[in-house]
Amino acid sequence: MNFLEKRIARDGIVKEGNVLKVDSFLNHQMDIALFDEMGREWKKRFEGNKITKILTIEASGIGIAAVAAMHFKVPVVFAKKAKSINLEGEMYVAEVESFTHKTKNQVIVSKKFLDQDDRVLVIDDFLANGCALQGLIQIVQSAGAAIEGIGIAVEKGFQPGGRMIRNLGYKLESLAIVDGMDPATGEITFREQ
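First, a word on scope: everything that follows refers to the structure included in this document.

Re the packing of helix α2 (residues 32-45) against helix α3 (residues 60-72)
Taken N-terminus to C-terminus, the directions of α2 and α3 make an angle of 50 degrees; their axes are 8 Å apart at the nearest point. Classified by the angle their axes make, α2 and α3 are oblique. In the crossing of α2 with α3, the sense of the turn from one axis to the other is right-handed. Across from Ile 32, Phe 35, Asp 36, Met 38, Gly 39, Arg 40, Trp 42 and Lys 43 in α2, the residues of α3 making contact are Gly 63, Ile 64, Val 67, Ala 68, His 71 and Phe 72. Of the residues belonging to the contact of α2 with α3, the class tally is 8 nonpolar, 3 polar and 3 charged.

Here we look at helix α1 (residues 3-11)
All of the buried residues in α1 are Leu 4, Glu 5, Arg 7 and Ile 8. The arc that holds every buried residue of α1, seen down its axis, measures 160 degrees, which confines them to one face. Turned more than 90 degrees away from the buried face of α1, the exposed residues are Lys 6 and Arg 10. In this fold, the buried residues of α1 make contact with β2 (19-21), α2, β8 (146-156), β9 (172-181) and β10 (188-190). Sitting at the head of α1, Asn 2 places a side-chain oxygen 2.9 Å from the backbone nitrogen of Leu 4.

Concerning the pairing of β8
Look at any regular strand and the pattern is simple: side chains alternate between the two faces of the sheet. In terms of residue burial, β8 counts as a mostly covered element, since 10 of its 11 residues are buried. Where strand β7 (residues 119-127) meets β8, 8 bridges bridge the pair, whose relative direction is parallel. Note that in β8 the partner of Leu 127 across the bridge is Glu 155. You can see the chain leave β7, run along helix α4 (residues 131-143) and come back into β8, and the turn it takes is right-handed. Looking at chain direction, β8 and β9 are connected through 6 bridges and run parallel. Opposite Val 154, over in β9, you have Ala 176 as the bridge partner.

Rules used throughout
- Residues numbered from 1 in each chain as written.
- Predicted model: local features only at pLDDT ≥ 70, side-chain atom pairs only at ≥ 80, totals over all residues.
- Heavy atoms only, no water.
- Axes fitted to C-alpha atoms, helices over the stretch in contact; angles between N-to-C directions.
- Helix = DSSP H or I, 4+ residues; strand = E, 2+ residues; numbered from the N terminus.
- Parallel < 35°, antiparallel > 145°, perpendicular 65-115°, else oblique.
- Left-handed = near helix turned anticlockwise from the far one by under 90°.
- Contact = heavy atoms within 4.5 Å.
- Nonpolar A, V, L, I, M, F, W, Y, C, P; charged D, E, K, R; others polar.
- Buried < 20%, exposed > 50% of the residue type's maximum accessible area, 1.4 Å probe, protein only.
- Arc of directions from axis to C-beta.
- Polar contact = N/O pair within 3.5 Å; in protein donor to acceptor, adjacent residues only side chain to side chain.
- Pairing = 2+ DSSP bridges.
- Right-handed = clockwise from strand over helix to strand, strands pointing away.

Below, the structure written as structure tokens:
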């Protein structure tokens, strides 16, 4: 069991509806030492890739991506879920559906922060059905940039997102893959990696 799996087993809470709460350390309260360890692990896993930017989606991916970026020494760009008055100029736009929030959002990245010279590592906290990742992939493709890889903290291996993204040919590195959860017992089963 790796460091993230141990933390999920210790502090994660399984709820009905395939929900895994990790808000005490990952996506509400953030354990920065854990994020640092995650960044170090992704740096090892993507060692041979020339990465110029990390791309994530607001809000839960930002903290993880920012700490990971320190290991890669590159900037982080995050896709915004709402157009604000500070966003100006041309934008890349994609529609994504959130598994957790059961909503559809347009995500936006300014064209001045992503272009054809970029080699992108996409980072996010969760992968379930893959909708957010598909939106981020669409944005990278619209920019003419290259996806060097995708780093996920927690993948729900029993949902189709991971399989779909891997079948598209992307290098996907999930630090913890959950193959099963039992809300009655709280038991979490991890995939051997």
